[in-house]
Amino acid sequence: MNIFRLAGDVSHLVAILILLMKMWSSRSCAGISGKSQVLFALVFTTRYLDLFTVYISAYNSVMKVVFLALSYATVYLIYMRFKNTYNSENDTFRVEFLLIPVIGLSFLENYAFTPLEILWTFSIFLESVAIMPQLFMITKTGEAESITTHYLFFLGLYRALYIANWVWRYHTEGFFDQIAVVSGVVQTIFYCDFFYLYVTRGKLM
């Protein structure tokens, strides 16, 4: 494992922990898109099904379990523990506009037409757009709490570091995963849109 992959995983973990600590300390999930968090939980669930069939390393297995547990903990806090603070009236992005194309692409573009491979491909495509309900919510309200912006910053950093990881692996190993790279670039573009809002709109500060 290279430093970019490790730093990317740490950034991803930090982003999720920031969100969880924010909700737990404030006893509120205001400003957080529950729809985005459900999509991320779906991403981890469909991607890590190989946890029960393939062993790569202790690090890999532990990180999969951690991301699964934290993603479902986040969904639980939003829809159960702190549901009275959930701003559902502003979390109105139509997720079916994401799920239907992603499902279709997963069947059309994959490396092997098997259930696990299709679900892995689905998770990659879905991750690239899962943040859209959160960005839509910020755009709709015109504001975001500083903790939420920190969360999005570390998610964007995670994607940028993974791009560096792919470049490194291509030059050192000749490895190139077209589906993951294209989806990752698309996802990074969405985070660039957030950073643009962050810089140009004072309400996000």
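Residues numbered from 1 in each chain as written. Predicted model: local features only at pLDDT ≥ 70, side-chain atom pairs only at ≥ 80, totals over all residues. Heavy atoms only, no water.

Asks: Please set out the overall build of the protein residue by residue, giving values where relevant.
Replies: Scanning the protein for helices and strands turns up 8 helices and 0 strands. If you list the helices and strands of the protein from N to C, you get α-α-α-α-α-α-α-α. Within the protein, the fraction of its 205 residues that count as buried is 45%. The positive charge centre, built from 14 side chains, and the negative charge centre, built from 13, are 8 Å apart in the protein. (Helix = DSSP H or I, 4+ residues; strand = E, 2+ residues; numbered from the N terminus. Buried < 20%, exposed > 50% of the residue type's maximum accessible area, 1.4 Å probe, protein only. Lys, Arg positive; Asp, Glu negative; His and termini not counted. Charge placed at Lys NZ, Arg CZ, Asp CG, Glu CD.)

Asks: Which residues make up helix α5 (residues 115–129), and what values do they have?
Replies: When the terminal C-alpha atoms of α5 are compared, their 22 Å separation across 15 residues agrees well with the 21 Å that a helix rising 1.5 Å per residue should span. Residues Ile118, Thr121, Phe122, Ser123, Ile124, Phe125, Leu126, Glu127, Ser128 and Val129 constitute the buried set of α5. (Expected span 1.5 Å × (residues − 1).)

Asks: Just give me the short version of the packing of aromatic side chains, but keep the residues and values in it.
Replies: Applying the stated criterion across every chain, the model contains 11 aromatic pairs. Look at Phe153 and Phe154: their rings are 5.4 Å apart centre to centre, the planes differ by 85°, and that puts the pair in the edge-to-face class. By relative accessible area, which is 40% here, Phe153 ends up partly exposed. Considering the side-chain rings of Tyr162 and Trp166, the 6.1 Å spacing of their centres and the 85° angle between planes classify their relative orientation as edge-to-face. In this pair, Tyr162 and Trp166 both sit in helix α7 (residues 146–173), 4 residues apart, roughly one turn of the helix. With relative accessibility at 13%, the residue Tyr162 sits in the buried group. (Phe/Tyr/Trp six-rings, centres within 6.5 Å; stacked < 30°, edge-to-face > 60°.)

Asks: Any chance you could break down the pattern of salt bridges for me, citing the residues and the numbers?
Replies: All told, the structure shown has 6 salt bridges when counted by the stated rule. We note a salt bridge from Arg5 to Asp9, for which the minimum N-O separation is 3.3 Å. In this pair, Arg5 and Asp9 are both assigned in helix α1 (residues 3–26), 4 residues apart and thus about one turn of the helix distant. Ionic pairing is found between Arg94 and Glu96, a salt bridge with its closest N-O pair at 2.4 Å. Ionic contacts of the salt-bridge type, sharing partners, join the residues Arg47, Glu127 and Arg159 into one network. (Salt bridge = Lys/Arg side-chain N within 4 Å of Asp/Glu carboxyl O.)

Asks: Quick rundown of a nonpolar patch on the surface? Include the residues and the values.
Replies: The grouping of Met1, Ile3, Leu6 and Val10 at the surface amounts to a nonpolar patch, some 400 Å² of accessible area in total. Its place among the elements puts Met1 in the segment before α1. A relative accessible area of 62% means that Met1 is categorised as exposed. (Patch = residues over 30% accessible without salt bridge, like charges linked within 9 Å, V, L, I, M, F, W, Y side chains within 5 Å. Areas by Shrake-Rupley, 256 points an atom, 1.4 Å probe, with all protein chains shown as cover.)

Asks: Describe in detail the packing of helix α2 (residues 34–47) against helix α3 (residues 58–81), supporting the description with residues and values.
Replies: Axes are the key here: two packed helices are described by the angle between their axes and the distance separating the axes. The geometry of α2 relative to α3 is characterised by a closest axis approach of 9 Å and an angle of 155° between their N-to-C directions. As far as their axial angle goes, α3 and α2 are roughly antiparallel. Of the two possible hands of crossing, α2 and α3 adopt the one that is left-handed. Taken together, the residues of α3 that come into contact with α2 (itself represented by Gly34, Lys35, Gln37, Val38, Ala41, Phe44 and Thr45) are Phe67, Leu68, Ser71, Tyr72, Thr74, Val75, Ile78 and Tyr79. (Axes fitted to C-alpha atoms, helices over the stretch in contact; angles between N-to-C directions. Parallel < 35°, antiparallel > 145°, perpendicular 65-115°, else oblique. Left-handed = near helix turned anticlockwise from the far one by under 90°. Contact = heavy atoms within 4.5 Å.)

Asks: Before we move on, can you summarise the UniProt feature "transmembrane region" (unreviewed entry) in the protein with the specific residues and values?
Replies: Residues annotated by UniProt as "transmembrane region" (unreviewed entry) correspond here to residues 62–80, 118–138, 150–168 and 180–199. For residues 118–138, the helix share is 90%, the strand share is 0%, and the end-to-end C-alpha distance is 32 Å. Between the C-alpha atoms that bound residues 150–168 the distance is 27 Å, and the span itself is 100% helix and 0% strand. (UniProt positions renumbered as here; feature names shortened; annotations may be inferred.)

Asks: Describe the packing of α1 against α3, with residues and values.
Replies: The N-to-C vectors of α1 and α3 enclose an angle of 25°; their axes lie 10 Å apart at closest approach. Here α1 is positioned roughly parallel relative to α3, judged by the angle of their axes. Crossing of α1 against α3: the hand is left-handed. Across the interface between the two elements, Arg5, Leu6, Asp9, His12, Leu13, Ile16, Leu17, Leu19, Leu20, Met23 and Trp24 of α1 pack against Tyr59, Asn60, Met63, Val66, Phe67, Leu70, Ala73, Thr74, Leu77, Ile78 and Arg81 of α3. Looking at the contact of α1 with α3 residue by residue, the class counts come to 16 nonpolar, 3 polar and 3 charged. (Nonpolar A, V, L, I, M, F, W, Y, C, P; charged D, E, K, R; others polar.)

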